[in-house]
Amino acid sequence: MQTGKSEPLIAIVDDDENVRVTLSALMRESGFDAVCCPDIPSFMALGDPPPVDLALIDLRLRGESGLTLAIHIRERYEIPIVMLTGVGDEIDKIIGLETGADDYLIKPFNPRELVARIRAVLRRYGHGGPKPNISSGQGIAFGTKRIDVQTRRVLDADGEEIPLTNAEYRLLEYFARNPNRVIPRPELLEELGSDMQRYVDRTIDVLILRLRRKIEPVASKPVHLQTRRAQGYIFHLSPEGQ
């Protein structure tokens, strides 16, 4: 990562010049610096290791695959990766362990959401980045924790971020917006939409297990995210009985 400078440097790898210009301007407006690469060789030419804080990679590069670059980065460097994909791309491969992408966004996307995702990934790697003002009116509290819906962060009682994957965060926010109601698995799959279009019902159970490990005092005895056998799941903002 970059040292001696305040702005995180984002490498934008996209073969569309208009996209590169637009994303570069967005990064600078959001407090980042940017370097544009039209193809994989251009990224490789930045150096070994590349002097960047995050790689923003388009999946469908002309004559190449962004996955190839993502795998190359993950095998050699500790550089976070955010992928830009199109509808219908194989999301499970993008976020699979063999690729190692930290997050992805489907085109067309909201610029604010892209910036929020980049900030969240950088924080997970220990890079603070430019921090937006956090409004207390844009959060959902549950127990001693809080969901900040603007920055897509989950904070513990000390204000420290609890790192979640994109799917875990979306699932938690949906539960928090629909408390004290039994939600069946099909509804959760529908809510996650393109994130889960190639996944199966059991994936929800895996995400639930991971969420409990991160947000519950004791994962095996959940007080917030509870199972209702043969029905689905229910989320309590306050532990039952309190």
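Reading the values: rules and limits
- Residues numbered from 1 in each chain as written.
- Predicted model: local features only at pLDDT ≥ 70, side-chain atom pairs only at ≥ 80, totals over all residues.
- Heavy atoms only, no water.
- Helix = DSSP H or I, 4+ residues; strand = E, 2+ residues; numbered from the N terminus.
- Buried < 20%, exposed > 50% of the residue type's maximum accessible area, 1.4 Å probe, protein only.
- Contact = heavy atoms within 4.5 Å.
- Areas by Shrake-Rupley, 256 points an atom, 1.4 Å probe, with all protein chains shown as cover.
- Axes fitted to C-alpha atoms, helices over the stretch in contact; angles between N-to-C directions.
- Left-handed = near helix turned anticlockwise from the far one by under 90°.
- Nonpolar A, V, L, I, M, F, W, Y, C, P; charged D, E, K, R; others polar.
- Phe/Tyr/Trp six-rings, centres within 6.5 Å; stacked < 30°, edge-to-face > 60°.
- Pairing = 2+ DSSP bridges.
- UniProt positions renumbered as here; feature names shortened; annotations may be inferred.
- Core = buried A, V, L, I, M, F, W, Y, C linked by side-chain atoms within 4.5 Å.

1. Brief notes about the overall build of the chain
Within the chain one finds eight helices and 10 strands. Looking at the chain as a whole, 46% of its 242 residues qualify as buried. Across the chain, every contact between residues at least 6 apart in sequence was considered, and the portion connecting residues at least 24 apart equals 54%. A total of about 12000 Å² of accessible surface is found on the chain, and carbon and sulfur atoms cover 49% of it.

2. Let's talk about the packing of helix α1 (residues 17-29) against helix α5 (residues 111-124)
Here α1 crosses α5 at 65°, and the two axes come no closer than 11 Å. Considering the relative orientation of α1 and α5, their crossing is right-handed. Across from Leu 23, Leu 26 and Met 27 in α1, the residues of α5 making contact are Pro 111, Leu 114, Val 115 and Ile 118. Partitioned by chemical class, the residues of the contact of α1 with α5 number seven nonpolar, no polar and no charged.

3. Considerations on the packing of aromatic side chains
For the structure on display, the rule yields two aromatic pairs. Taking the centre distance of 5.5 Å and the plane angle of 65° together, the rings of Phe 142 and Phe 235 count as edge-to-face. Placement of Phe 142 in strand β6 (residues 139-142) and of Phe 235 in strand β10 (residues 232-235) is noted, with a sequence separation of 93 residues between them. Every member of this aromatic cluster is reached through a ring pair, and the members are Phe 142, Phe 175 and Phe 235.

4. Topic: the sheet that holds strand β2 (residues 33-37)
Taken in spatial order, the five strands make up an open sheet running β2-β1-β3-β4-β5, and their pairing is parallel. The sheet terminates laterally at β2 and β5 (103-106), the two strands that pair on one side only. Taking each pair of neighbouring strands and ignoring which way they run, the sheet shows an average axis angle of 20°. One ladder, built from five bridges, connects strand β1 (residues 9-13) with β2; its direction is parallel.

5. Details of the UniProt feature "modified residue: 4-aspartylphosphate" (unreviewed entry) in the chain
Here, UniProt's "modified residue: 4-aspartylphosphate" (unreviewed entry) annotation points to Asp 58. A relative accessible area of 7% means that Asp 58 is categorised as buried. Look past the residues within four positions of Asp 58 in its chain and what remains in contact with it is Val 13, Asp 14, Asp 15, Gly 66, Leu 84 and Lys 107.

6. Structural notes on the pairing of strand β3 (residues 54-58)
Among the five residues that make up β3, five are buried, leaving the element largely enclosed by the rest of the structure. Residues Leu 54, Leu 56 and Asp 58 point to one face of β3 and Ala 55 and Ile 57 to the other, with burial holding for every one of them. By the bridge criterion, four bridges tie β1 to β3 in an arrangement that is parallel. Its bridge partner being in β3, Ile 12 is matched across the sheet by Leu 56. In this structure, β3 lies alongside strand β4 (residues 81-85), joined through four bridges in parallel fashion. Each bridged residue has a counterpart across the sheet, and for Ile 57 the counterpart in β4 is Met 83.

7. Remarks on the nonpolar core
Nonpolar side chains in soluble globular proteins tend to be buried together. In terms of nonpolar packing, the biggest core is built from 23 residues, with Ile 147, Val 154, Leu 171, Leu 172, Phe 175, Leu 188 and Phe 235 touching the most fellow members. It is helix α6 (residues 166-177) that provides the largest number of residues to this core, a total of seven residues. Excluding residues that lie within four positions of it along the chain, Val 154 makes contacts with Phe 142, Arg 146, Ile 147, Glu 160, Glu 161, Ile 162, Leu 164, Tyr 169 and Leu 172. Cys 37, Ala 55, Tyr 77 and Ile 106 belong to the second largest nonpolar core, which has 22 residues in total.

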